[in-house]
Amino acid sequence: MARKSKQEPKVKKQRWYHQVWQAYQMTRATDPAVTWIMLGVFFGVLAAFMALGFTVFNWPTGLIMGLPFAFLAAMFMLTRRAEAAAYRRIEGQAGAARSAMGTVRGRGQWTFEDEPVAFSPRSQDMVFRGVGRPGVVLVSEGPAVRAGRLLEDERKKTSRFLAGVPITLIQMGNDDGQVPLVKLAKSIKSLKNQLTPAEATEVSRRLSALGGINLGLPKGIDFNRARPDRKGMRGR
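Worth saying up front: this structure is predicted, and the values here are computed from it rather than measured.

A. The side chain of Ser 140, seen in detail. Mapping Ser 140 onto the fold places it in strand β4 (residues 135–141). Judged by relative accessible area, which is 0%, Ser 140 ranks as buried. Contacts of Ser 140, omitting those with residues within four sequence positions, involve Met 126, Val 127, Ala 147, Leu 151, Ile 170, Gln 171 and Met 172.

Below, the structure written as structure tokens:
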């Protein structure tokens, strides 16, 4: 009789409150005030509902209505602070711009190259590329004086390959005229659609043939792990 093989131990399913706790711990490490801010938001919202209960209904009704809203408000504040903490952790690292670009969701149907499409070995400046319905976006990472030239060279190269396709240049950094890391994703999301989905797909296909520069950059922070799982919070 064949010996029964040992069953592999089951991986314990992570509950939503575990994810919330991890996000809170990560955020508190760089933002110690997050605890008091969350408590202030929680009790502030709860007090507002209690006051409404005293005025319109009664205090137990205000308490019952206020608790879930106060909890959601505190979780929303944790999400915002966790995102800011995640940005602070990767700011200044090589590839930080690409990590922020990876958080772009929703309209625009964006796809982004994992590796930079232009790189200066001497200065370590680099340019990342994304393609979506607004066209092509080129994002530089480095001081304005140097990165601007690298960005313009890549724009000329791309425009020769894709005549007539809109190309947007964004300098990520803290110099004058640059977009801070924390606002990079918002700047990309604000671009208006100018291509059809089919045109954007074709542009992405053609540019993928050009490839990028394989530097083996670290992927940075996983922003999805830096925020509470909202679906999980509704129960599993």
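B. Representation of unusual backbone geometry. The backbone of Gln 124 sits at a positive phi, close to 70°, despite the residue not being glycine. Its location among the elements puts Gln 124 in the loop between β2 (118–119) and β3 (126–132).

C. Local environment of the pattern of salt bridges. Inspection of every chain in the model, using the stated rule, returns six salt bridges. Between Arg 81 and Asp 31 there is a salt bridge, and its shortest N-O distance comes to 2.7 Å. Taken together, the residues Arg 81 in helix α3 (residues 59–90) and Asp 31 in the loop between α1 (16–30) and α2 (34–55) connect sequence positions 50 residues apart. When its relative accessible area of 27% is taken as the criterion, Arg 81 is described as partly exposed. Between Arg 129 and Glu 113 there is a salt bridge, with its nearest N and O atoms 3.2 Å apart. With Arg 129 in strand β3 and Glu 113 in the loop between β1 (111–112) and β2, this residue pair connects regions lying 16 residues apart in the sequence. When its relative accessible area of 23% is taken as the criterion, Glu 113 is described as partly exposed.

Analysis parameters
Residues numbered from 1 in each chain as written. Predicted model: local features only at pLDDT ≥ 70, side-chain atom pairs only at ≥ 80, totals over all residues. Heavy atoms only, no water. Helix = DSSP H or I, 4+ residues; strand = E, 2+ residues; numbered from the N terminus. Buried < 20%, exposed > 50% of the residue type's maximum accessible area, 1.4 Å probe, protein only. Contact = heavy atoms within 4.5 Å. Salt bridge = Lys/Arg side-chain N within 4 Å of Asp/Glu carboxyl O.

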